[in-house]
Each structure stands twice: as C-alpha cells, then as structure tokens.
Amino acid sequence: MIESQTSFRVADISAQDGYKLATGIVVPRPIGWIGTVSASGLDNLAPYSFFNVMSGDPVHVVFSPGGGARKDTLDNVREVGEFTVNVVTAETVEAMNATSATLPADEDEFEHASITKLSSVEIGPCRVAEATATMECVVTDIVHVGHNDGGNHLVIGEAVMIHVADRVLDGTRILQDELRAIGRHAGSWYSNATDLFSIERPS
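Below is a summary of the structure that appears in this document. Keep in mind that this is a model prediction, so the values were computed, not measured. (Residues numbered from 1 in each chain as written. Predicted model: local features only at pLDDT ≥ 70, side-chain atom pairs only at ≥ 80, totals over all residues. Heavy atoms only, no water.)

1. Describing the pairing of strand S9 (residues 133-145)
Remember that side chains alternate between the two faces of the sheet whenever the strand is regular.
Phase 1 of the analysis: Note: strand S6 (residues 82-87) against S9, five bridges, orientation antiparallel. Note that in S9 the partner of phenylalanine 83 across the bridge is cysteine 137.
Phase 2 of the analysis: Bridging between S9 and strand S10 (residues 152-164) involves twelve bridges; their strand directions are antiparallel. Counted as the bridge partner of valine 139 is glycine 157 from S10.
Phase 3 of the analysis: Hairpin geometry of S9 and S10 is characterised by an intervening segment of six residues between the two adjacent antiparallel strands and by a positive phi of about 110° at glycine 146. (Pairing = 2+ DSSP bridges. Helix = DSSP H or I, 4+ residues; strand = E, 2+ residues; numbered from the N terminus.)

Set out below in structure tokens:
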C-alpha cells in the first residue's frame, strides 16, 4: 500500500521546519553526553543527539554542536581539543536532561545536575562517574556544515580510551539488554533501547 504523502522542498521552508522534519524522521538517535573543559579549567557537560560512531579502525566518533547560546562545548573543543562521550542510559536520563539547560558560561553542568566527576586517564575533560560507558576522545577535525551564518559544526574525535561497566560486558561485546541505552526522538520524546530483536544477516 502506497500512503498519501506531503512533499516539502527544503529550500522553500524555514530552517526550523526543516529541523523539525529531519529530527522527527531520523529516530531514534543515540545521545552523546559530551564532557569538555575550557582553557581556564571550567568543566562543561551537554547532550547532543547529532552524534554517532564513524569509524572502527581506529574508533572515531562525531557530534555536531551549533552556534547559538549553547556554544561552550564548541569553544572548548576548539581551545582544548579533547572531549568525553558519556552514554545516556535509563539510570542517567534525568540528569542528562538537566544538563540540556542553557546555563551561564561560568556555571558547571556537573554540579547543576548533581553528577559526579571522574578524572579521565588520557585527557583533561572529566567523565560522568554514573555513566555505564564512556569514551575519551581527541579532536581530529572540526568541519562547518550549512550556511555561513548558521548551520552546525561536525566535531570528529578519535577515541583513545573506552571505559565500560563490567556488568554490561561479554569480552568486548556490549550486552544490549543490560546497557539500557536511551534514544532521542523529536521534541521531548525519548525511547528505551530495550525492545530488542535479532535478525541474522544473509551470507
């Protein structure tokens, strides 16, 4: 059955409407809970659902902060060149949401959300101690995407350390039913990655 559709020429709609359509279609999105530190030593923590893993040899991840009011993360990765990626799970989703608030530049999101800081091993930015899994990353590139006076920046980072809670590990495989990751949808909607099924790949 072919359903009735409405078509949108992207050049003819507002950036906000394009954003709403895209973020409603591309779901669920993993959330990169990004920890950074400023050159002056102020910690920052913010969630980004424009986030994914891009390579496995070596491991690279990408996240995409915009400009606007929440630009501390972008400023920090430009200045320091390092960040942590903390996985958002059912246990930490409320704290993650608290760190999405726009705070004054001198306010620490870890403290605002009552999150415990854990020192990284290879880099300066802190990890979220309550996170089930974390990656320590070094920035390899920052690429602007979109209009010159808007758009977003793709921050590409190489993972140099990966920390995973023993309870979700089977060797180097992550037990997905134990991880209980959270996915981002549109607006205020999220989902639990617990309704799992398996399909064998064709040979």
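Here the narrative resumes.
2. Overview of the packing of aromatic side chains
Phase 1 of the analysis: As enumerated under the stated definition, the model contains three aromatic pairs in all.
Phase 2 of the analysis: Ring geometry for tyrosine 48 and phenylalanine 63: centres 5.4 Å apart, planes at 45°, overall tilted. Taken as a pair, tyrosine 48 in strand S3 (residues 43-48) and phenylalanine 63 in strand S5 (residues 59-63) lie far apart in primary sequence, 15 residues in all. The burial state of tyrosine 48 is the same as that of phenylalanine 63; both residues are buried.
Phase 3 of the analysis: Considering the side-chain rings of phenylalanine 63 and phenylalanine 83, the 5.0 Å spacing of their centres and the 70° angle between planes classify their relative orientation as edge-to-face. With phenylalanine 63 in strand S5 and phenylalanine 83 in strand S6, the pair connects residues that are 20 residues apart, well separated along the chain. One exposure class covers both phenylalanine 63 and phenylalanine 83, and it is buried.
Phase 4 of the analysis: Through successive ring pairs, a cluster of aromatic residues spans Tyr48, Phe63 and Phe83. (Phe/Tyr/Trp six-rings, centres within 6.5 Å; stacked < 30°, edge-to-face > 60°. Buried < 20%, exposed > 50% of the residue type's maximum accessible area, 1.4 Å probe, protein only.)

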